[in-house]
Amino acid sequence: MITDKILSAYEQMAERYNQLIDHKPHNAYYDRPNTLALLPDVAGKVILDAACGPGKYAEILLDRGAAVTGFDLSPTMIKLAQERNPARGSFFVHNLATPFTMFADASFDIVLCALALHYLPDWTLTIQEFRRVLRPGGILVISIEHPFFEYNYFNSSAYFDVEHVRCVWKGFGQPVEVNSYRRPLGECITPLTNNGFYIDQLVEPRPVPEFEKLDPKHFHELNHFPAFLCIRAVKRE
Ligand SMILES: C[S@@+](CC[C@H](N)C(=O)[O-])C[C@H]1O[C@@H](n2cnc3c(N)ncnc32)[C@H](O)[C@@H]1O
């Protein structure tokens, strides 16, 4: 099953991913600053970090005074998130594609889901669960791989399909095959707008200056073509 392959890949990469996450250019100087910029002041807010990885976002949000609950498919990622955030936050294993039965309705002010939705073939249940656990007017912030980037990167010839794709990541220790799903732009928007959200910000991010010192080649590329897309959506009444 594809989910098992995704889990296995992240289990293999988790320790190295955690070691690199503070300063890995695509995360630290491209995704995170642009995604965090979509959040309001989080002090005192109750936040769900869905697919939290090793808890770097959670660390930042906890430092800013939020109460954070995080979950992830990978047990090793959860162990690392707990070690990164000792005695604060709450982290446990859960699959984004299954109902969030552990959470009551309207129990979060904000849901964050960074760089993970492309691991799901169908977003519908997940977006419905994000909506259910958000309070009225609550905010969902997601970052995803940009559909135009993926279309090129995976040499697709079927733009409108949701396609199972795979590639090999070499930046986290031994090369690891990573399976995911590429989808057209419409399939990134309609699961939100058809399931009780309106989109109030959509950002095609640019890398921040620190990126250039560490990786000038990709800094140049990302200033000419986006790899990620960041979206803020608000729960409709
Ligand atoms: C690229 S990492 C991003 C981690 C974190 N959100 C961040 O930005 O630092 C993707 C994460 O999604 C998790 N993931 C993949 N499929 C998942 C699923 N079905 N349910 C929960 N987590 C999943 C992986 O284990 C991994 O930790």
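Residues numbered from 1 in each chain as written. Predicted model: local features only at pLDDT ≥ 70, side-chain atom pairs only at ≥ 80, totals over all residues. Heavy atoms only, no water.

- Looking at an unreviewed UniProt entry, the chain carries the name Methyltransferase type 11 domain-containing protein, with the source organism given as Arsenicibacter rosenii.

## Regarding the pairing of strand 7 (residues 176–182)
Thought 1: Within strand 7, six of the seven residues are buried, which leaves it mostly tucked inside the rest of the structure.
Thought 2: Note: strand 6 (residues 163–169) against strand 7, seven bridges, orientation antiparallel. When the bridges of strand 7 are listed, Val165 appears paired with Ser180.
Thought 3: The turn joining strand 6 and strand 7, which pair antiparallel and follow one another in sequence, is formed by six residues; a positive phi near 85 degrees is taken by Gly173. (Buried < 20%, exposed > 50% of the residue type's maximum accessible area, 1.4 Å probe, protein only. Helix = DSSP H or I, 4+ residues; strand = E, 2+ residues; numbered from the N terminus. Pairing = 2+ DSSP bridges.)

## Structural notes on the UniProt feature "domain: Methyltransferase type" (unreviewed entry) in the chain
Thought 1: Under the local residue numbering, the UniProt record ascribes the feature "domain: Methyltransferase type" (unreviewed entry) to residues 48–142.
Thought 2: Summarising residues 48–142: 29% helix, 31% strand, and an end-to-end C-alpha distance of 12 Å. (UniProt positions renumbered as here; feature names shortened; annotations may be inferred.)

## With respect to the site of the ligand
Thought 1: Lining the immediate surroundings of the ligand are 20 residues, of which Ala51, Asp72, Asn95, Leu96 and Ala114 lie closest.
Thought 2: At a separation of 2.7 Å, a nitrogen atom of the ligand approaches a polar backbone atom of Ala51.
Thought 3: Taking Asp72, its side chain carries an N or O atom lying 2.6 Å from an oxygen atom of the ligand.
Thought 4: Taking 590 Å² as the accessible area of the ligand by itself, protein coverage stands at 97%.
Thought 5: Its residues assigned to classes, the shell around the ligand shows 15 nonpolar, four polar and one charged. (Near = heavy atom within 4 Å. Polar contact = N/O pair within 3.5 Å; in protein donor to acceptor, adjacent residues only side chain to side chain. Areas by Shrake-Rupley, 256 points an atom, 1.4 Å probe, with all protein chains shown as cover. Nonpolar A, V, L, I, M, F, W, Y, C, P; charged D, E, K, R; others polar.)

## Considering the pattern of salt bridges
Thought 1: In the structure shown here, the tally under the stated rule is 13 salt bridges.
Thought 2: The shortest N-O distance in the salt bridge between Lys79 and Glu83 comes to 3.5 Å. Of the two residues, Lys79 and Glu83 both sit in helix 4 (residues 75–84), four residues apart, roughly one turn of that helix.
Thought 3: Across the pair Asp109 and Arg135 runs a salt bridge, and its minimum N-O distance is 2.7 Å. (Salt bridge = Lys/Arg side-chain N within 4 Å of Asp/Glu carboxyl O.)

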